[in-house]
Amino acid sequence: ATYTNNGASMHCPMSLDMWSALATRSTHFAPELGAMDRLRDSVERWLYRAPGYTAGPIVDGAGRHLNAEDEYLMTGAAAIRALADLLKFAPDPAWESVMAPAIRQALADLRARDVDGDGLIESPYRTGTSGSGQWSTCWFDVTSFGWKCAFSNAILYDALQQLRALPSDGVTRSSLIDHEALGRWTDLIKKHFENTFWNPDTQWLGGWRCIEGQLHDYGFLFVNGAAIRAGLMDADRGRDVLKRLYAALMEILAEPNIPNARLG
């Protein structure tokens, strides 16, 4: 009774931010199938560390027992984004009280993924180095995002900002949300995000910085869009970035070797 990313798949909480965006704009998918009820069940399943694609316990090729989210950085960020929406749009003090220890642990686990103290989370298992042939830290899983993933960190920043904006009324809610700690964390992410991912040659954000320090930039529309939407750069700067990306896209689509290109 939880959301999944397609009809044949297992629970995949890396998609929780997408499900949350849909659920908060819906009511019921069927008479007895409430959108926010299913979102709560899906978040709860993630909080209880149930196995699923991109979440829960896994064993890697070397036989090490890992939390899948140490590889799939986006999962925790997306799940916290959904949690923030749940607390805002469908508050349930009884549920929050029961889940409080798991919520605090999930936030602590996510914070611990910042291994070098710059606020950005990293994956030590997905290195992002060229030629490594590894899977991805984010939803775009056939591109080897790794180490510092711009998309995951943009979603994380947005999620933490949404949590930070929630009122801390009530004993339970105030114990869940440490506004001061969230403020320090989000400020740290914003301080380092653009310096980490900005490409001065293209004048937009790259996709990830690998463990060797190299920035990997292939003109990622979704990375720049997520960062701008989250407020990691101001509106005027973000507008300039989108104009440059759009111009680059139009240039590619106009190339004669692209069949059936349509300029809309």
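A brief report on the enclosed structure follows. Sequence order as written defines residue numbering, which begins from 1 separately in each chain. Thresholds applied to this predicted model are a pLDDT of at least 70 for local features of residues and 80 or more for the giving and counting of side-chain atom pairs; totals over whole chains, interfaces and linings are not thresholded and use all residues. To get the side-chain values, take all heavy atoms of the structure and skip hydrogens and water.

### Some points on the environment of D178
Thought 1: The secondary structure listing takes helices from DSSP runs of H or I that are at least 4 residues long and strands from runs of E that are at least 2 residues long, numbered from the N terminus. In this fold, D178 is placed in the loop between helix 6 (171-176) and helix 7 (179-197).
Thought 2: Residues D178 and S168, spaced 10 residues apart in sequence, show a C-alpha to C-alpha distance of 8.5 Å.

### Some details on the packing of aromatic side chains
Thought 1: When two rings of Phe, Tyr or Trp (its six-membered ring) have centres within 6.5 Å they constitute a pair, described as stacked for plane angles under 30 degrees, edge-to-face for angles over 60, and tilted for the intermediate range. Under the definition given, this model contains 15 aromatic pairs.
Thought 2: With a centroid separation of 6.1 Å and 75 degrees between ring planes, the pair formed by Y3 and F29 is classed as edge-to-face. Here Y3 is found in the segment before helix 1 (16-23), whereas its partner F29 is found in strand 1 (residues 28-30), with 26 residues between them in sequence.
Thought 3: Think of it as a cone above the ring: NZ of Lys or CZ of Arg counts as a charge over the ring if it is within 6 Å of the ring centre and within 35 degrees of the ring normal. Lying across the ring of Y72, R126 places its NZ or CZ 4.5 Å from the centre.

### Focus on the nonpolar core
Thought 1: Membership of the largest hydrophobic core comes to 72 residues, with the highest contact counts inside it found for L39, V43, L47 and F193.
Thought 2: Among the elements that line this core, the one with the most residues is helix 3 (residues 73-89), at 10 residues.
Thought 3: Throughout, a contact is declared for two residues whenever any of their heavy atoms are within 4.5 Å. Excluding its chain neighbours within four sequence positions, the residues that come into contact with L47 are W95, M99, A102, I103 and A106. Throughout this description, the term nonpolar core refers to a set of buried Ala, Val, Leu, Ile, Met, Phe, Trp, Tyr and Cys residues connected via side-chain atoms within 4.5 Å. Relative accessibility decides the category of a residue: with a 1.4 Å probe and only protein chains considered, values under 20% of the type maximum give buried, values over 50% give exposed, and everything between is partly exposed.

### A closer look at the side chain of T186
Thought 1: One can find T186 in helix 7.
Thought 2: We classify T186 as buried; its relative accessible area is 1%.
Thought 3: Under the rule applied, a polar contact is a pair of N or O atoms within 3.5 Å (in protein, one hydrogen donor and one hydrogen acceptor; residues adjacent in sequence only if both atoms are side-chain atoms). Engagement of the side chain of T186 in a polar contact is seen with the side chain of R164, the distance being 2.8 Å.
Thought 4: Engagement of the side chain of T186 in a polar contact is seen with the backbone oxygen of G183, the distance being 3.1 Å.
Thought 5: If we ignore the near neighbours within four places in the chain, the residues touching T186 are Y157, L160, Q161 and R164.

### Things to note about the pattern of salt bridges
Thought 1: Salt bridges are defined as contacts in which a side-chain nitrogen from Lys or Arg sits within 4 Å of a carboxyl oxygen from Asp or Glu. One pass over the structure, following the stated rule, counts 16 salt bridges.
Thought 2: The partner of D158 in a salt bridge is R81, with the nearest N and O atoms 2.8 Å apart. Of this pair, D158 sits in helix 5 (residues 150-164) while R81 sits in helix 3, and the two are 77 residues apart along the sequence.
Thought 3: The exposure class assigned to D158 is buried, which follows from its relative accessible area of 13%.

### Some points on the layout of surface pockets
Summary: where empty space remains is shown by rolling a probe the size of a single water molecule over the atoms.
Thought 1: Considered as a void within the structure, the largest pocket measures approximately 540 Å³ in volume.
Thought 2: A cavity here means a set of 1 Å grid points, computed over protein atoms only, where a 1.4 Å probe fits but cannot escape. A pocket is an open set with protein on both sides within 12 Å along at least 5 of 7 lines, and lining residues have an atom within 4 Å of a point. Considering the residues around the largest pocket, the lining is formed by 24 residues, among which D17, M18, A21, R81 and D158 are closest to the centre.
Thought 3: Residues are sorted three ways: Asp, Glu, Lys and Arg are charged, Ala, Val, Leu, Ile, Met, Phe, Trp, Tyr, Cys and Pro are nonpolar, and all the rest, Gly among them, are polar. Across the lining of the largest pocket, the residue classes tally to 12 nonpolar, five polar and seven charged.
Thought 4: Grid points are joined across faces, edges and corners, and a volume is the space filled by probe spheres set on the points. Taken as a whole, the second largest pocket holds about 200 Å³ of empty space.
Thought 5: If you trace the second largest pocket, you find it lined by R104, L107, A108, R111, L163, L176, I177, D178, A181, L182, R184 and W185.
Thought 6: When the residues that make up the lining of the second largest pocket are grouped by side-chain class, the tally is eight nonpolar, no polar and four charged.

Such coordinate-based values are descriptive only and should not be taken to indicate function.
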